[in-house]
Amino acid sequence: MLGTDFRIGSPNWLDLGSPDTAAATGFYGSVFGWDFVSAGPEAGGYGMFQRDGKTVAGLGPLSEEGAQSAWMVHFMSPDIQSTVQAVRDGGGKIRMEPMDVMGEGWLTQATDPQGAEFAVWQPGKTSGLELASAENSLLWVELHVPDPTAAISFYEKLFGWRSQEMEAPGMTYRVLSTKEGDQQQASFGGVAPMGEGAGGGVEKPRWVPYFHVTDVDATVGSAQEKGGSVLMPAADVPDVGRIAWLADPFGAQFALLKPNPRM
């Protein structure tokens, strides 16, 4: 599962672009108990979601024209320029050229060949999230695309990821691991064929964050009370745990997972 000892290709940052950051702060504060800490007046409204004083995600206003509210998964690169070139060589697109984020690190935003958006973070003073896999923090990331095999080939060239097939109800699921370390211990996410995910399908290719919760049903209820919607009701997945898919009041999708203790 995810940790904060980031390696090449690890998910090392996660943030939410929202049309109403104050309302988003209220929603996620109620659902996950997160606090919001501004990054300062020079950050343009950007700041950090924290739990027990540790950063679990970022939040900022939408910056791209026509953009819709969404969670953005970032992956660690020690050389962002090389990763940008690999994205282009592999048929992906760079939506935002690499930029130095006030000395905290270098950031670029990209779209893979099948249309899933992601970001790359080269650590500077900030290596990444301060809390992961703990209660109410990022636990897993999942890619839904029409062609999982092609997606794995693309990202392997970027980050050296390894993958392993796992049979799941009605589909073949591919578990992703970083190129370093024991493959099972280095796993951080998976790839599922689009159309066989939450609610019987996902409208477009995307990366989806899973947050670790101890009571999926109660968290679903809390999200609904605060204006969120249920995309896939809480359900048990054999050998995985109990999951649910939700959207916040502005449509940003995310998932919940109470892992099976044997995971």
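Reading the values: rules and limits
Residues numbered from 1 in each chain as written. Predicted model: local features only at pLDDT ≥ 70, side-chain atom pairs only at ≥ 80, totals over all residues. Heavy atoms only, no water. Axes fitted to C-alpha atoms, helices over the stretch in contact; angles between N-to-C directions. Helix = DSSP H or I, 4+ residues; strand = E, 2+ residues; numbered from the N terminus. Parallel < 35°, antiparallel > 145°, perpendicular 65-115°, else oblique. Left-handed = near helix turned anticlockwise from the far one by under 90°. Contact = heavy atoms within 4.5 Å. Pairing = 2+ DSSP bridges. Core = buried A, V, L, I, M, F, W, Y, C linked by side-chain atoms within 4.5 Å. Buried < 20%, exposed > 50% of the residue type's maximum accessible area, 1.4 Å probe, protein only.

> Go over the packing of helix H2 (residues 80-89) against helix H3 (residues 148-159), please, and point to the residues and values.
Running from N to C, H2 and H3 point in directions that differ by 155°, and their axes come no closer than 9 Å. Taken together, the axes of H2 and H3 are roughly antiparallel relative to one another. Of the two elements, H2 crosses H3, and the hand of that crossing is right-handed. Of H3, the residues touching H2 (which contributes Thr83, Ala86 and Val87) are Phe154, Lys157, Leu158 and Phe159.

> Talk me through the sheet that holds strand E12 (residues 187-193); I want residue IDs and the actual numbers.
Here 8 strands make up an open sheet; going across it, the order is E10-E11-E12-E9-E13-E16-E15-E14 and the pairing mixed. Each edge of the open sheet is held by one strand with a lone partner, namely strand E10 (162-168) and strand E14 (229-237). Adjacent strand axes in the sheet meet at a mean angle of 25°, parallel and antiparallel pairs treated alike. Two strands pair when backbone bridges link them, and strand E9 (residues 138-145) and strand E13 (residues 206-212) are joined in this way by 6 bridges, in the antiparallel orientation. Within E13, the residue paired with Trp140 across the bridge is Tyr210. Against the sheet, helix H4 (residues 216-225) touches E14, strand E15 (241-247) and strand E16 (253-259), its axis set at about 10° to E15.

> Which residues make up the nonpolar core, and what values do they have?
With 57 residues, the main nonpolar core has Tyr28, Trp71, Phe118 and Trp207 as its most contacted residues. One finds Trp140, Ile243, Trp245 and Ala255 within the second-largest nonpolar core, a separate group that totals 14 residues.

> Let's hear about unusual backbone geometry: which residues, and what values?
A positive phi angle, close to 55°, is found at Asp52, a residue other than glycine. Checked against the element boundaries, Asp52 lands in the loop between strand E3 (47-51) and strand E4 (54-61). Despite not being glycine, Met102 has its phi angle at roughly 50°, a positive value. Here Met102 shows up in the loop between strand E6 (93-100) and strand E7 (105-111).

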